[in-house]
Amino acid sequence: VTNDSVIRSEMIVDEGDPYSALLVNKSVNKLKARGIFGKVEKKIKKGSTNDLKVLELSIEEKATGEITAGAGVGTDGTAFMAAVSENNWLGRGIKLSTQLDLTEETISGFLNVTNPNFNYSGNSVSSSVSVSSSDMTKTSGYESSKTGFSLGTGFEQYEGVFLSPGFSATYEDIEVETSASSSVKKMDGTYYNLDFDYGITWDRRNQPFQTTSGYITKFEQSLPLMIDKSSIYNGFTASAFHSFGEDVIGSVKFMARGIHGLENEDVRLTSRLFIPQSRLRGFNSFKVGPKDGEDWIGGNYVSALNFEAQLPKLLPESSRTDVSLFTDFANIWGVDYSSSLDETNKIRTSVGVAANIWTPVGPLSFTVAEQLSKSINDETQTFNFRIGTSF
């Protein structure tokens, strides 16, 4: 079903170009990195004359849709999610993804659409719609609802340097009860925001699929265009990879984020930061850090350092299982709207094992982690798993 333009858009070489084994191999690796083919093989044949060659690609398609359900089990409760994705919609390589997250107090979801090769330009165009609703009346005395829309693009400006500008618009309504604290009452109201978002990525990996060496860094920022109790967001990530033979591929990953209100305003509760689940395994990502009463309110600053060792040869290739060992360090701190709350400025640490298994009923991923250090406010999540099916 795949349109040949999807394959050609990933090729670094084209008809009439000088032959380069390096560029051919990189092209094949880019095709594998798309994740929509089960097998990609190449053959180099002699051309009509001695100075010509023929490149033949054999592509095997695979199921590119996936339905996933997930749950996390810890000492203090569980969390649930469900997602549906399609990575090759209409055979054009367009990515669709939607996800629903449900807890006792919140419900949230989003729909993303990304075209990696918009109008055959080689540039990506993406858009998303998100909605969320929180009911914190029993603990903090407020309710909030938020709707957002974003539109952006991405392109390679220079070799290995990628730019990703975009715009995002949000509408948010926060209703506060009389029983809420004075700091929460300041958040009461309706907010409209329009932000300009951009990212700069420097990619020096040897290959995007199964990277064995090199590094990639990214800086991202969100600047408000319509000021309605807005804030400025800054983020930086860096990842480095190194292969220790064929048995171990090591990686080191760093992340830092910060958010600040404009004109001495406090960052709204619904815009504060949390540690991403992939950066601190073994914890409930939305129940870590500063706490106001019974609610986790997030922080103004987040940082994380991750060490991971992938073991590609640990199990037979026929088992279709990826296993990795990890050590995570992370911290979340900063409460701008109240000086009386504990900022919980403490390094959290966890170690564990993660695995992705392809079963007859679909992909299964699980994480088993042990917490080495945590704050008194943090909720742990020793075991996390997701299972799905393909279509």
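As a convention, each chain's residues are numbered from 1 in the sequence order in which they are written. The predicted nature of this model means local features are confined to residues of pLDDT at least 70 and side-chain atom pairs, given and counted, to a pLDDT of 80 or more, with totals for whole chains, interfaces and linings taken over all residues. Only heavy atoms go into the side-chain values, all of them from the structure, while hydrogens and water stay out.

Draft legend 1. Molecular detail of the overall build of the protein chain. Numbering goes from the N terminus for both helices and strands, where a helix is a DSSP run of H or I of at least four residues and a strand is a run of E of at least two. A count of helical and extended segments in the protein chain gives 3 helices and 21 strands. Against the compact-globule benchmark of 21 Å for 391 residues, the protein chain has a radius of gyration of 23 Å, which places it among compact chains. For the protein chain, the spread of C-alpha atoms along the three principal axes comes to 85 × 45 × 35 Å. Residue burial in the protein chain is summarised as follows: out of 391 residues, 37% are buried. Contacts were defined at the residue level, with two residues in contact if any of their heavy atoms lie within 4.5 Å. Contacts spanning at least 24 positions in sequence make up 54% of the contacts within the protein chain whose residues lie at least 6 apart. Within the structure as shown, the protein chain displays about 21,400 Å² of accessible surface, and the carbon and sulfur contribution to it stands at 56%. Atoms counted for the radius of gyration: C-alpha only. Globule rule: 2.2 Å times the number of residues to the power 0.38. Remark: exposure states derive from per-residue accessible area (1.4 Å probe, protein chains only) relative to the maximum for the residue type, with buried under 20%, exposed over 50%, and partly exposed in between. Residue burial considers only the protein chains on display, and all accessible areas are found by Shrake-Rupley using a 1.4 Å probe.

Draft legend 2. Looking closely at the pattern of salt bridges. Within this document, salt bridges are pairs made up of a side-chain nitrogen of Lys or Arg and a carboxyl oxygen of Asp or Glu, the two lying within 4 Å of each other. Overall, the coordinates contain 12 salt bridges when judged by the stated rule. A salt bridge links Asp336 to Arg272, with the nearest nitrogen and oxygen atoms 3.1 Å apart. Of the two residues, Asp336 is situated in the loop between β18 (321-333) and β19 (348-359) and Arg272 in the loop between β14 (248-261) and β15 (291-292); the sequence distance between them amounts to 64 residues. Under the relative-accessibility criterion, Asp336 is labelled partly exposed at 30%. Here Asp378 and Arg348 are joined by a salt bridge, their closest N and O atoms 2.7 Å apart. Placement of the pair is Asp378 in the loop between β20 (362-373) and β21 (383-390) and Arg348 in strand β19, with a sequence separation of 30 residues. Here Asp378 matches Arg348 in class, with each residue buried. Look at the salt bridges and you will find they share partners, linking Asp4, Arg8 and Glu15 into a network.

Draft legend 3. Geometry of the pairing of strand β12 (residues 213-226). By the convention used here, strands pair only if DSSP detects at least 2 bridges between them. For strand β11 (residues 189-203) and β12, the ladder comprises 10 bridges, and the chain directions are antiparallel. Paired with Gly199 across the strands is Glu220, a residue of β12. The sheet contact formed by β12 and strand β13 (residues 231-244) spans 10 bridges and is antiparallel. Bridging from a neighbouring strand, Ser222 pairs with Tyr233 of β13.

Draft legend 4. Here's a closer look at the side chain of Arg34. Tracing the backbone through its elements, the reader meets Arg34 in the loop between α2 (21-33) and β1 (37-46). The buried category is assigned to Arg34, whose relative accessible area is 12%. What Arg34 contacts, discounting residues up to four positions off in sequence, is Val6, Ser9, Glu10, Gly93 and Pro116.

Draft legend 5. Representation of the environment of Ile332 in the model. Within the secondary structure, Ile332 sits in strand β18. Note on Ile332: relative accessible area 0%, which makes it buried. Separated by 71 residues in sequence, Ile332 and Gly261 place their C-alpha atoms 17 Å apart.

Draft legend 6. Highlighting α2. Its 13 residues give α2 an end-to-end C-alpha distance of 18 Å, which sits within 8% of 18 Å, the value for a rise of 1.5 Å per residue. Buried residues in α2 make contact with α1 (4-9), β1 and β2 (53-61). Trailing α2 by a residue or two, Gly35 shows a phi angle of about 75°, which is positive. Multiply 1.5 Å by the residue count of a helix minus one, and that product is the helix's expected span.

Draft legend 7. Spotlight on unusual backbone geometry. A positive phi is found at Tyr120, a non-glycine position, where the angle reads about 60°. Considering the arrangement of structural elements, one finds Tyr120 in the loop between β6 (106-115) and β7 (124-135). Although it is not a glycine, Thr344 adopts a positive phi angle of roughly 50°. Along the chain, the position of Thr344 falls in the loop between β18 and β19.

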